[in-house]
Amino acid sequence: VESAIDVAVGRYGTCVVGQDGSLWCSDHVRGWLGAEGPGQIEGIRNAKAVAVGDMHACTLLADQRILCFGRWDAAEALGPSARIIDENRGAGFVELQDAEQLVAGAAHSCALEGQGRVMCWGQNAQGQLGDPPVGAELEGNRGTPRRVASLPFIQSLHAEQNTTCAVSDTGE
């Protein structure tokens, strides 16, 4: 990639977004789409950002859709339109209002939308989707993004494994 605008490193792979909107990934990540070896992800020419988890990757496209692909056993992380590619892999789109940032944990993802809203989807065994509030009974996994309503205006996100963290506009 001659000129990168975003890079994401996951537990098993790496992806880079080129200034021209191309998406380039390591062999493990490309394998989730059935491709071999490191290289460009075919058909993606309008990427703006990328996030890589343990079992999936998502890329924010210029039209505000988010394309997620990865292992079918983490299908919730692939979004509400996820379709199986073969017995081990799948892909799907997530449509949000005005996504500005994208993060991925092991098998969940969150996006920061305009107005400081956080939307999360995927596996939720450890409460990594941000709801219900601390102390309440955990909800199950979900493939449809939902707003984390308990958060104030958020400026940035970070996710790893089974955790998602947010920084508010007051620096908390």
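Preceding this paragraph is the structure being described.
Anyway, here's the lowdown on the structure attached to this text. (Residues numbered from 1 in each chain as written. Predicted model: local features only at pLDDT ≥ 70, side-chain atom pairs only at ≥ 80, totals over all residues. Heavy atoms only, no water.)

Pairs can form between side chains of opposite charge whenever their charged atoms are close. In the structure shown here, the tally under the stated rule is 5 salt bridges. Here R65 and D63 are joined by a salt bridge, their closest N and O atoms 2.9 Å apart. Classification of R65 as partly exposed rests on a relative accessible area of 27%. (Salt bridge = Lys/Arg side-chain N within 4 Å of Asp/Glu carboxyl O. Buried < 20%, exposed > 50% of the residue type's maximum accessible area, 1.4 Å probe, protein only.)

Positionally, G171 belongs in the segment after β15 (163-168). Overall, the relative accessible area of 56% leaves G171 in the exposed class. Separated by 17 residues in sequence, G171 and I154 have C-alpha atoms that sit 9.1 Å apart. (Helix = DSSP H or I, 4+ residues; strand = E, 2+ residues; numbered from the N terminus.)

Backbone hydrogen bonds are what pair the strands of a sheet, in a parallel or an antiparallel way. The 4 strands are arranged β10-β11-β12-β13 in an open sheet whose pairing can be described as antiparallel. For this open sheet the edge positions go to β10 (99-104) and β13 (142-147), each flanked by a neighbour on one side alone. With direction set aside, neighbouring strand axes in the sheet form an average angle of 15 degrees. Two strands pair when backbone bridges link them, and strand β12 (residues 118-122) and β13 are joined in this way by 3 bridges, in the antiparallel orientation. Each bridged residue has a counterpart across the sheet, and for C120 the counterpart in β13 is R146. (Pairing = 2+ DSSP bridges. Axes fitted to C-alpha atoms, helices over the stretch in contact; angles between N-to-C directions.)

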